[in-house]
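Fold and contact review
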Amino acid sequence: MAYGPLVVCSPLRLEARAVRRGLRVAGGAVRPDGITVRVTGYGPARSRRRAAALAVEEFGALAVAGVGGGLTGDLVPGDLVVGTEVRDSRGTGARCPAAPVLAGELRRAGLRATAGPVVTVDRLAGGDARQRLAAGGALVADLESAPLAAAAAGRPVAVLRAVSDTPARPLLHPGIVTGGLAALRALRAASPVLAAWAAVTGPRRVLLAGPRSFCAGVERAIEIVERVLDQRGAPVYVRKQIVHNTHVVADLERRGAVFVDELSEVPDGACVVFSAHGVSPAVRDEAARRGLDAIDATCPLVAKVHAEARRFAADGYLVVLIGHAGHEEVEGTLGEAPESTVLVESAADVARLRPADPGKVAYLMQTTLAVDEAVDVAAALTERFPQARVPGSDDICYATTNRQRAIRAVAGESDLVLVAGSANSSNSVRLVETAQRAGAAAHLIDGPSDIQLGWLAGVSTIGLTAGASAPPAVVEDIITALSGLGPVEVTERVITTENIRFGLPKEVRAQ
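Quick word on the sheet that holds strand β9 (residues 204-210)
- Spatial ordering of the open sheet is given by β18-β17-β19-β9-β20, a layout of five strands whose pairing is parallel. The open sheet has two free edges, formed respectively by β18 (442-445) and β20 (488-494), since each of these has just one partner strand. Taken pair by pair, the neighbouring strands of this sheet meet at an average axis angle of 25 degrees, ignoring direction.
- With four bridges joining them, β9 and strand β19 (residues 461-466) adopt parallel strand pairing. By the bridge assignment, L208 is partnered in β19 with L464.
- Its contacts with the sheet place helix α15 (residues 426-437) against β17 (416-420), β18 and β19, and it is angled at close to 165 degrees to β18.
- Contacts between helix α16 (residues 472-483) and the sheet are confined to β9, β17, β18, β19 and β20, with β19 contributing the most and set at about 160 degrees to the helix.

Digging into the state of the cysteines
- Summed over all chains, the structure comprises zero disulfides.
- With no disulfide of its own, C271 has C299 as its nearest cysteine by sulfur position, at a separation of 20 Å.
- Residue C299 stays outside any disulfide, its sulfur separated by 6.1 Å from that of C215, the closest cysteine.

Some thoughts on the pairing of strand β8 (residues 157-165)
- Within β8, nine of the nine residues are buried, leaving the element largely enclosed by the surrounding structure.
- For strand β4 (residues 80-88) and β8, the ladder comprises three bridges, and the chain directions are antiparallel. For V81, the partnering residue across the bridge sits in β8 and is R161.

Description of the sheet that holds strand β11 (residues 257-260)
- Taken in spatial order, the four strands of this open sheet run β11-β10-β12-β13, and their pairing is parallel. Two strands bound the open sheet, and with one partner strand each, they are β11 and β13 (293-296). With direction set aside, neighbouring strand axes in the sheet form an average angle of 30 degrees.
- With four bridges connecting them, strand β12 (residues 271-274) and β13 associate as parallel partners. Paired with F274 across the strands is D296, a residue of β13.
- The strands touched by helix α9 (residues 281-289) are β10 (236-239), β12 and β13; relative to β12, the strand with the most contacts, the crossing angle is about 170 degrees.

Focus: the environment of E85
- Here E85 shows up in strand β4.
- Looking at E85, the relative accessible area reads 22%, which means it is partly exposed.
- Considered as a pair, E85 and H443 are 358 residues apart in the sequence and their alpha carbons are 27 Å apart.
- If near-sequence neighbours (up to four positions away) are discounted, E85 is found in contact with A94, R95, C96, G116, P117 and V118.

Examining the packing of aromatic side chains
- Summed over all chains, the structure comprises one aromatic pair.
- An angle of 65 degrees between the planes, with centres 5.9 Å apart, marks the rings of F312 and Y317 as edge-to-face. We note that F312, like Y317, is buried.
- When the ring centre of F59 is taken as reference, the NZ or CZ atom of R155 above it lies at 3.7 Å.
- Sitting above the plane of the F312 ring, R311 keeps its charged end 4.7 Å from the centroid.

Describing a positive patch on the surface
- A contiguous patch of positive charge, built from R17, R21, R24 and R188, is present on the exposed surface.
- In this fold, R24 is placed in the loop between α1 (13-23) and β2 (36-39).
- Judged by relative accessible area, R24 falls into the exposed class, the value being 79%.

Remarks on empty space enclosed by the protein
- Evaluated as defined, the whole model comprises three cavities of 30 Å³ or more.
- C215, V218, H277, T368 and N427 are the residues nearest the centre of the largest cavity, which is lined by 21 residues in total.
- The class makeup of the residues in the lining of the largest cavity is nine nonpolar, 11 polar and one charged.
- Empty space within the second largest cavity amounts to approximately 40 Å³.
- Lining the second largest cavity, in full, are V82, G83, C96, A98, A99, L102, V157, A158, V159 and W197.
- If you list the elements that add at least two residues to the lining of the second largest cavity, you get β4, α3 (99-108) and β8.
- Each residue belonging to the lining of the second largest cavity can be placed in one class, and the counts come to nine nonpolar, one polar and no charged.

With respect to the pattern of salt bridges
- Going through the model one piece at a time under the given rule, you end up with 27 salt bridges.
- Across the pair D142 and R161 runs a salt bridge, and its minimum N-O distance is 2.9 Å. Within this pair, whereas D142 is found in strand β7 (residues 140-142), its partner R161 is found in strand β8, the two being separated by 19 residues in sequence.
- The class for R161 is buried, based on a relative accessible area of 1%.
- Between R310 and E336 there is a salt bridge, with its nearest N and O atoms 3.2 Å apart. Here E336 lies in the loop between α11 (328-334) and β15 (341-344) and R310 lies in helix α10 (residues 300-314), a separation of 26 residues in the sequence.

Calculation rules
Residues numbered from 1 in each chain as written. Predicted model: local features only at pLDDT ≥ 70, side-chain atom pairs only at ≥ 80, totals over all residues. Heavy atoms only, no water. Pairing = 2+ DSSP bridges. Helix = DSSP H or I, 4+ residues; strand = E, 2+ residues; numbered from the N terminus. Axes fitted to C-alpha atoms, helices over the stretch in contact; angles between N-to-C directions. Contact = heavy atoms within 4.5 Å. Disulfide = S-S within 2.5 Å. Buried < 20%, exposed > 50% of the residue type's maximum accessible area, 1.4 Å probe, protein only. Phe/Tyr/Trp six-rings, centres within 6.5 Å; stacked < 30°, edge-to-face > 60°. Lys NZ or Arg CZ within 6 Å of the ring centre and 35° of its normal. Patch = residues over 30% accessible without salt bridge, like charges linked within 9 Å, V, L, I, M, F, W, Y side chains within 5 Å. Areas by Shrake-Rupley, 256 points an atom, 1.4 Å probe, with all protein chains shown as cover. Salt bridge = Lys/Arg side-chain N within 4 Å of Asp/Glu carboxyl O. Lys, Arg positive; Asp, Glu negative; His and termini not counted. Charge placed at Lys NZ, Arg CZ, Asp CG, Glu CD. 1 Å grid on protein atoms, 1.4 Å probe; cavity = no way out; pocket = protein on both sides within 12 Å on 5 of 7 lines; lining within 4 Å. Points joined across faces, edges and corners; volume = space filled by probe spheres on them. Nonpolar A, V, L, I, M, F, W, Y, C, P; charged D, E, K, R; others polar.

Structure follows, in structure tokens:
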């Protein structure tokens, strides 16, 4: 799968020795997998000469590994910076799209690693010069990386710098010796990860499942919070996560949204938004009692299930809710008629039901269930209670169903399926389970840094989708990161087109 041998460029012999020890390579030897470690020389002039020679060599992947000067106050000696891009004062350099993947793997190996820009300077920077470099966005400075990385000429490239000095502990600080030793130890520990990165480089095909990412209910909920922030200013309180996605929550927090678990955390009289997953009547009553300015972002499809629960309960039925305990949507639905509603998660739960009147049973479903799973439980219910009332229309939302159908359409052709979504996103977890039932190896990832290199070994085709609460940009980030391992051919498989849009509540409509 891999292109060919990895060449590791280390400017100094001390750095090269640390890398070789990590790779268990003696002297100038070559590992069985072809990895070589070269001393390229100190400073920009030597690195430019070595880069000119490298550019015409045959190799599969290139890594630059050495120590560097940290530019930001949050870095300490021994930290690792994986370059997302590397540049010098002449604009020479390269982008390293797979940096988030490499940084994530280093963190899983127990190392302190972050991904960000690296800058190559013509002379050692200190004081004001270091501050100016940091103001430009760079995390670490060195004297060699930019021309060496440019020599990759389109081949996979990684830049790894271990921090030896920082603004608080500059080169002339008494602690520079211990800082340098910490950096060399980090380089040694990181070297096996560089080898693992090189082993999975190569061309791949990505099969994009369509539809994917945001659904109408999620778009509506996010827009509600954005409009409230625009119209009323920060802070705006949101009970629970507006949707289950870390990227969405972080973005809204930057804009001034404050996410709370309970209404007791919201000041009296403040504005609070109820999340897309819905709330129980008890929560609404508490908000009214406290004089909170409540705006409801409940997905209309969840609100439909709430209405069905109230209707069945009012007609004297035992309402059986098929869903997952602890999920916010389930808690809200159970709260509509708590005396008349019971939760079941499996056919075994159905067998334990003891309704007062077996002829007065109705069932509803959590909107984000896996279709196959829900059908099995519903079949157990109707087998035991043949007269059971069913929802007036399908409770599992169109977006959940469509995304599950779409991932099944690509899973059979994929060596690996990646689902973009957060761990607390029910619909995203169900997509992983759907792909696994279709026979594919599948994993849930919040972003590129969650991709484990071991998953990619021997993989030539990757199926890719995103849960209904995951932003489209995350999918693009994943494709970009994979392209840093080699050329990526992207093919989209669309099983249906979604054009549903839900209206906004009157409180936030444009006047």
